Amino acid sequence: MRIAILGGTGPEGAGLALRWALAGHEVIIGSRQAERARATAAELSARAKGATISGRANREAAEASQVVVLALPAAGLAATLPGVKDACRGKTVVSTVVPLTFGGPRLHTPPPAGSAAEEAQTLLGPEVKVVAAFHHIAAHELASEHPIDCDLLICGEDAAGKATVADLGKSMGLRVLDVGPLSNAGPIEGITAVLATLNRRYKIKNSGIKITGL
Ligand SMILES: NC(=O)c1ccc[n+]([C@@H]2O[C@H](COP(=O)([O-])OP(=O)(O)OC[C@H]3O[C@@H](n4cnc5c(N)ncnc54)[C@H](OP(=O)(O)O)[C@@H]3O)[C@@H](O)[C@H]2O)c1
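Residues numbered from 1 in each chain as written. Predicted model: local features only at pLDDT ≥ 70, side-chain atom pairs only at ≥ 80, totals over all residues. Heavy atoms only, no water.

K.L.:
Before we move on, could you go through the pattern of salt bridges and cite the residues and values that matter?
P.N.:
All told, the structure shown has 8 salt bridges when counted by the stated rule. The partner of Lys210 in a salt bridge is Asp149, and the shortest N-O contact between them spans 2.6 Å. A residue pair is termed long-range when its members are at least 10 positions apart, and Lys210 in the segment after α8 (185-201) and Asp149 in the loop between α6 (139-142) and β7 (151-156) qualify at 61 residues. A single burial state applies to Lys210 and to Asp149, both of which are exposed. Salt bridges sharing common partners tie together Asp86, Arg89 and Glu127. (Salt bridge = Lys/Arg side-chain N within 4 Å of Asp/Glu carboxyl O. Helix = DSSP H or I, 4+ residues; strand = E, 2+ residues; numbered from the N terminus. Buried < 20%, exposed > 50% of the residue type's maximum accessible area, 1.4 Å probe, protein only.)

K.L.:
Lay out the environment of Val97 in plain terms, naming residues and giving numbers.
P.N.:
Inspection of the secondary structure puts Val97 in the loop between β5 (92-95) and α5 (116-124). Considered as a pair, Val97 and Asp149 are 52 residues apart in the sequence and their alpha carbons are 21 Å apart. Once residues within four sequence positions are removed from consideration, Val97 is found in contact with Leu70, Leu72, Pro73, Ala74, Leu77, Ala116, His135 and Glu189. (Contact = heavy atoms within 4.5 Å.)

Structure follows, in structure tokens:
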């Protein structure tokens, strides 16, 4: 699979890139600045010998890929997505985005659409199938070399898109659980605020979730 990661210069996108490249996928790091994307791609390539990782500007990365992953801050969606909308048409777009506001009265600050994933769906239009996933997989865990010890919750409207994202999750060793429609993205994103709070309170970097009873 050829995967573009928009905002892949940040820790979350770079960690996903590393795991997928090691699993044999071709990864294109996207950035607002192509040079920054190429620099991150070179750093990751040095860690994943034999992997295929390149860097391009966000739009070119999306154009060249089969699946597009959003690994940007929530505040960057409105500025970024109109410029890549055409390049994403007909593709599955994976939102890892969590709308968090640090230092304010509320950590989880969802947009009027209900969730960052639903905002992305609105900005990209109906010809793009947004799947929400990977919110609970911390960048710190992705960058490590050990197996990731938590479940991957995914949601979205498109069964084929969710199957693709499930394969991407399984390729990095995760148990993947389909939690239904994109309207469940809000609760999934919200739990990430809980995990971030646990990390701070217990001075850890990698709290995660596992669903019991299955
Ligand atoms: N960090 C984690 O552990 C973690 C875990 C789960 C989910 N997430 C979510 O994953 C996403 C990425 O997390 P991160 O920690 O990697 O974020 P980040 O470092 O803050 O940002 C990632 C990249 O996004 C680009 N960017 C920054 N501000 C932007 C803006 N206003 N408009 C467009 N692009 C912008 C930057 O790339 P360029 O300057 O190269 O364009 C930056 O390197 C976030 O939505 C976060 O909530 C993070």
